[in-house]
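Structural overview
What follows is each chain in one-letter form.
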Amino acid sequence: METPAESPISSKEAAGARAALCVESGMILGLGTGSTVTYFLEALARRIQSENLSVKGVATSEDTVLKAKELGIPMTTLEEDPQLDLVIDGADEVDGDFRLIKGGGGALLREKIVAAAGKRVVIIVGEGKQVDVLGTTFLLPVEILPFGYPSTESRVAGLGCIPFLRTTEKEEPFVTDNGNYILDCKFAEGIADPVSLHAEMSQIPGVAEVGLFLDLCDEVITGLGGGTTTVQTKP
Ligand code: 5RP
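What comes next is a walk through the structure. Per chain, the residues get numbers from 1 upward, laid out in the order the sequence is written. pLDDT decides what is reported in this predicted model: residues at 70 or higher carry local features, side-chain atom pairs at 80 or more are listed and counted, and totals for whole chains, interfaces and linings draw on all residues regardless. Hydrogen atoms and water are omitted, and side-chain values are computed over all heavy atoms in the structure.

What to know about the pairing of strand S13 (residues 229-233)
The test is simple: For two strands to count as paired, DSSP must find a minimum of two bridges between them. Strands here are runs of E lasting at least two residues and helices are runs of H or I lasting at least four, both read from the DSSP assignment and numbered beginning at the N terminus.
With 5 bridges connecting them, strand S12 (residues 219-223) and S13 associate as antiparallel partners. From the neighbouring strand, Gly223 faces S13, where its bridge partner is Thr229. Between S12 and S13, which pair antiparallel and follow one another directly, the connecting turn spans 5 residues, one of which, Gly226, has a positive phi of 75°.

Here we look at the nonpolar core
Filter applied, for reference: To define a nonpolar core, start from buried Ala, Val, Leu, Ile, Met, Phe, Trp, Tyr and Cys residues and group those joined through side-chain atoms within 4.5 Å. We call a residue buried when its accessible area falls under 20% of the maximum for its residue type, exposed when it is over 50%, and partly exposed in between, using a 1.4 Å probe and counting protein chains only. Contact between two residues is taken to exist if any of their heavy atoms lie within 4.5 Å; hydrogens are not considered.
Core analysis: the largest hydrophobic core is formed by 24 residues, its most contacted members being Phe40 and Ile124. The set of elements that each furnish at least two residues to this core consists of helix H1 (11-20), strand S1 (28-31), helix H2 (35-51), strand S3 (86-89) and strand S6 (121-125). At 7 residues, the largest contribution of residues to this core is made by H2. Excluding its chain neighbours within four sequence positions, the residues that come into contact with Ile124 are Ala15, Gly16, Ala19, Thr36, Val37, Phe40, Ile88, Asp89, Gly90, Ala91 and Ile221.

Some remarks on the pairing of strand S7 (residues 140-144)
Counting buried residues in S7 gives 5 out of 5 residues, a clear majority hidden from the surface. Neither face of S7 is open: one carries Leu140, Val142 and Ile144, the other Pro141 and Glu143, and all of them are buried. As judged from the 3 bridges shared by S7 and strand S10 (residues 207-210), these two strands associate in the antiparallel manner. Considered in S10, the bridge of Val142 is made with Val210.

Just distances and angles here, no functional claims.
Below, the structure written as structure tokens:
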């Protein structure tokens, strides 16, 4: 009988597994959200089991809380542990200056709080997430309060984009873990000046968080086909 061929390791899985090697016993971790992070959590859980690693994690979403608990990863909170040794999270786009678009999973607000609490932030991505100009392959997620959202939406549009209210399969507004809505913003030519855009959008009343992470990434681990990875460290 033939042994079935092993399925090839995906680029996201490779990045997640590589990131688990960055963890040391005693660390307080920030645990991101998304499919790449799920691979990281699985690899981390294996290391906790086999090497008896002692770590605790702060989750960036309710989804990650559930996954981490299922995998037996001990959890803590930013109230108990306000400073994190290492944050591992995914991204939707990464540019050459280690700037990111995040929020594809709708967790951008907690992700930014957790990244800001980290001494070191490692971003893990599969193939196809590196871009020259942010906003060219992915819409920019912006978390907004439901109160008066059409007014917030038109002010966001005034910054040169077309915002789409994120909806569920039932065509209802997608609601974040914080009870907010998400606008996915399309920039026809990409985001020419992410720093100015971030500053201007953050000033709009009703905007809770912008999915531009401009100075919150120290290292990018990119998974490649066949299980290999590259690691880029911010100079
Ligand atoms: C969630 C995020 C995710 O990190 C981002 O969407 C990447 O997800 P994936 O690893 O599934 O491609 O920002 O809010």
